[in-house]
Amino acid sequence: MRLALVGVSHRQAPVELRERVAVDADGAAALARSLADGGPEGCEAVVLSTCNRTELYLATDDPSGQLDERAGASLLALAGDDGIALAPVLYRLGDDSAARHLFRVAAGLDSLVPGEGEILGQVRDAFELGSTGPLLDRLFRQALHAGRRARVETAIGESPASVPAAAAALAQQVFGDLAGRHVLLVGAGKMSELTARNLRSRGAAIAAVANRTAANGEELAARVEAVAVGLDAIPGLLATADVVVTSTSASGFVVDPESAAAALRGRRGRPILFVDLAVPRDVHPALATIDGCFVYDIDDLEAVVQASLAGRRVEAVRAEQIVAAEAERFREWQASLAVVPAIASLRARAEEIRSGELAKAEGRLEKLPESERKLVESVTSQIVAKLLHLPTVRMKEAAAGADGVIYADVVRHLFGLGEEEEQL
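Every chain is numbered independently, its residues counted from 1 as its sequence is written. Owing to the predicted nature of the model, reporting of local features is limited to residues with pLDDT of at least 70; listing and counting of side-chain atom pairs is limited to 80 or more, with chain, interface and lining totals taken over all residues. Hydrogens and water molecules were not included; the side-chain quantities draw on all heavy atoms of the structure.

Caption draft 1: How the structure looks around empty space enclosed by the protein. A cavity here means a set of 1 Å grid points, computed over protein atoms only, where a 1.4 Å probe fits but cannot escape. A pocket is an open set with protein on both sides within 12 Å along at least 5 of 7 lines, and lining residues have an atom within 4 Å of a point. Grid points are joined across faces, edges and corners, and a volume is the space filled by probe spheres set on the points. If you walk through the whole model with that rule in mind, you get 1 cavity of 30 Å³ or more. Empty space within the largest cavity amounts to approximately 110 Å³. Lining the largest cavity are Thr50, Cys51, Asn52, Arg53, Ser111, Glu116, Glu118, Ile119, Gln122, Val163, Met191 and Ile298. Looking at the lining of the largest cavity, the element that brings in the most residues is helix α6 (residues 118-129), giving 3 residues. For this classification, Asp, Glu, Lys and Arg are treated as charged, while Ala, Val, Leu, Ile, Met, Phe, Trp, Tyr, Cys and Pro are nonpolar and the rest, including Gly, are polar. Class assignment of the residues belonging to the lining of the largest cavity gives a composition of 5 nonpolar, 4 polar and 3 charged. Numbering of helices and strands starts at the N terminus; helices are DSSP runs of H or I of at least 4 residues and strands are runs of E of at least 2.

Given below as structure tokens:
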């Protein structure tokens, strides 16, 4: 089995391109199923789609690369008319490089905000929604382990540098003191709640939560001491909101220039800050041309993030060391797969010989008491296990280098493994 990754991220592509290939949870699960079902037998697929990236992780025993091509074609199809612009910024990684990349993503080292905590949960969600098998199951479990280690063993995630914290810091940069400022949340997901917590910790008050699903909006509104409203109430609430934070999964804009312009006419020169954390964007980009509107999307948070990077560089180095160690563990495990069939055949052959010899002595063994027959069974099994232990260890060690396949072939030749099947 080989591992492949095809993706696009904030490193190469602006939000205008990333939003074209962003998919929600249902879309990620459906795309993973489509890639797995449309590939060779045993194909595995996981789709990781966040504000900063959309990545397709694939595992297949097909060396032709056709699955990689299908994955790339899927992203280009999602981009539609922007497929031509997307193609040059797609990246493709394989095996060791793909695994190390995912481990860095899970540790928050490849995030817009290094060390941010949300990505670990997003990797877990993608894993649970994917069409996984032995290889991707091992890969994602180990990536989650690497991410947890990076946060427990270093201080990379301790400073307030998550995307919600950066959004709150941006609001404070614009208004100074946030005490008495009113916030309108559009969307009731985790990102909205985390942003609300950060804004409240800086003195702002959450005035309302606008959401398409009433129940979800009411739950979040109760937790942040706000009122719950529908999306149709947004135009009226803009007249009193100082900060508007949007983070929905809507396919189109939920805040339009006409509503913003109408609200500003009654605000007597008081500006409105729009912080758009959604991909695709919730706030129409034309709002940025209106006097009194300050519009920032997720890419604009880069400036806020830079202020917190200096104190994280040392911790990032330590986190990179953890990622490197975990990536090497995965590489050794994946390499060991090359000798697993030979090991299994050797053990099966040894057990066949042991069972055959015991069968020849069955007449004499039947005369022994039950306890002694069990002892013979146990002792012969232990002899086989001990004889095979060191060869097994040596083959796995060799597999981590470049000699694993050679060792496996030698073992097959010395013990005649597979010759019976060939004769048949």
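Caption draft 2: View of the layout of surface pockets. By volume, the largest pocket amounts to about 1,200 Å³. Lining the largest pocket are 38 residues, with Asp24, Ala25, Ser49, Thr248 and Ser249 sitting closest to its centre. Elements that contribute at least two residues to the lining of the largest pocket include exactly α1 (15-21), α2 (25-38), β2 (44-49), α6 and α9 (190-201). Take the lining of the largest pocket: its biggest share by element is 6 residues, from α6. For the lining of the largest pocket, the per-class residue count stands at 18 nonpolar, 13 polar and 7 charged.

Caption draft 3: Local environment of the side chain of His10. Along the polypeptide, His10 turns up in the loop between β1 (2-9) and α1. A relative accessible area of 17% places His10 in the buried class. For His10, the side chain forms a polar contact with the main-chain oxygen of Asp110, separated by 2.9 Å. Ignoring anything within four residues of it in the chain, the contact list for His10 reads Arg18, Asn52, Arg53, Asp110, Ser111 and Leu112. Type-normalised accessible area, obtained with a 1.4 Å probe on protein chains alone, sets the label of each residue: buried when under 20%, exposed when over 50%, and partly exposed for intermediate values. Counted as a polar contact is a pair of N or O atoms within 3.5 Å, where, for protein atoms, one must be capable of donating a hydrogen and the other of accepting one, and residues adjacent in sequence contribute only when both atoms are in side chains. Contact between two residues is taken to exist if any of their heavy atoms lie within 4.5 Å; hydrogens are not considered.

Caption draft 4: Layout of the nonpolar core. Among the nonpolar cores identified, the biggest contains 34 residues, and Tyr57, Val123, Leu136, Leu139 and Phe140 are the most heavily contacted of them. At the level of elements, β1, β2, β3 (53-60), α5 (95-106), α6, α7 (134-153) and α14 (313-336) are the ones that each hand at least two residues to this core. When residues in this core are grouped by element, the largest group, 8 residues, is from α7. When sequence neighbours within four positions are dropped, the list of residues in contact with Leu139 reads Leu3, Tyr57, Ala99, Leu102, Phe103 and Phe330. Residues belong to one nonpolar core when they are buried, are Ala, Val, Leu, Ile, Met, Phe, Trp, Tyr or Cys, and are joined through side-chain atoms within 4.5 Å.

Caption draft 5: Summary view of α2. Multiplying one less than the number of residues by 1.5 Å gives the expected span of a helix. For α2, which comprises 14 residues, the first-to-last C-alpha distance of 20 Å matches the rise-based estimate of 20 Å (1.5 Å per residue) to within 8%. What α2 keeps buried is the set Ala28, Ala29, Leu31, Ala32, Leu35 and Ala36. Seen end-on, α2 carries its buried residues on one side only, within an arc spanning 165°. Pointing more than 90 degrees away from the buried face of α2 are the exposed residues Asp26 and Asp37. In this context, the arc is that of the directions from the helix axis out to the C-beta atoms.

Caption draft 6: Examining the packing of α9 against helix α10 (residues 214-224) more closely. The convention used is that axes are lines fitted to C-alpha atoms, helices contributing only their stretch in contact, and that angles between N-to-C directions extend from 0 to 180 degrees. At their nearest, the axes of α9 and α10 sit 11 Å apart, and the two run at 20° to each other. With respect to α10, the element α9 is oriented roughly parallel. Where α9 crosses over α10, the handedness of that crossing is right-handed. Between α9 and α10, the contacting residues are Ser192, Glu193, Ala196 and Arg200 on the first element and Leu220, Arg223 and Val224 on the second. Roughly parallel covers angles under 35 degrees, roughly antiparallel covers those over 145, roughly perpendicular covers 65 to 115, and oblique covers all other angles. Left-handed describes a crossing whose near helix is turned anticlockwise from the far helix by less than a right angle; the clockwise case is right-handed.

Caption draft 7: Representation of unusual backbone geometry in the model. Cis geometry is adopted by the peptide bond preceding Pro280, which originates at Val279 and carries an omega value of 5°. The topology assignment puts Pro280 in the loop between β9 (272-276) and β10 (293-297). One non-glycine residue with positive phi stands out, namely Glu225, at about 60°. Mapped onto the elements of the fold, Glu225 is located in the loop between α10 and β7 (227-229). A relative accessible area of 66% places Glu225 in the exposed class.

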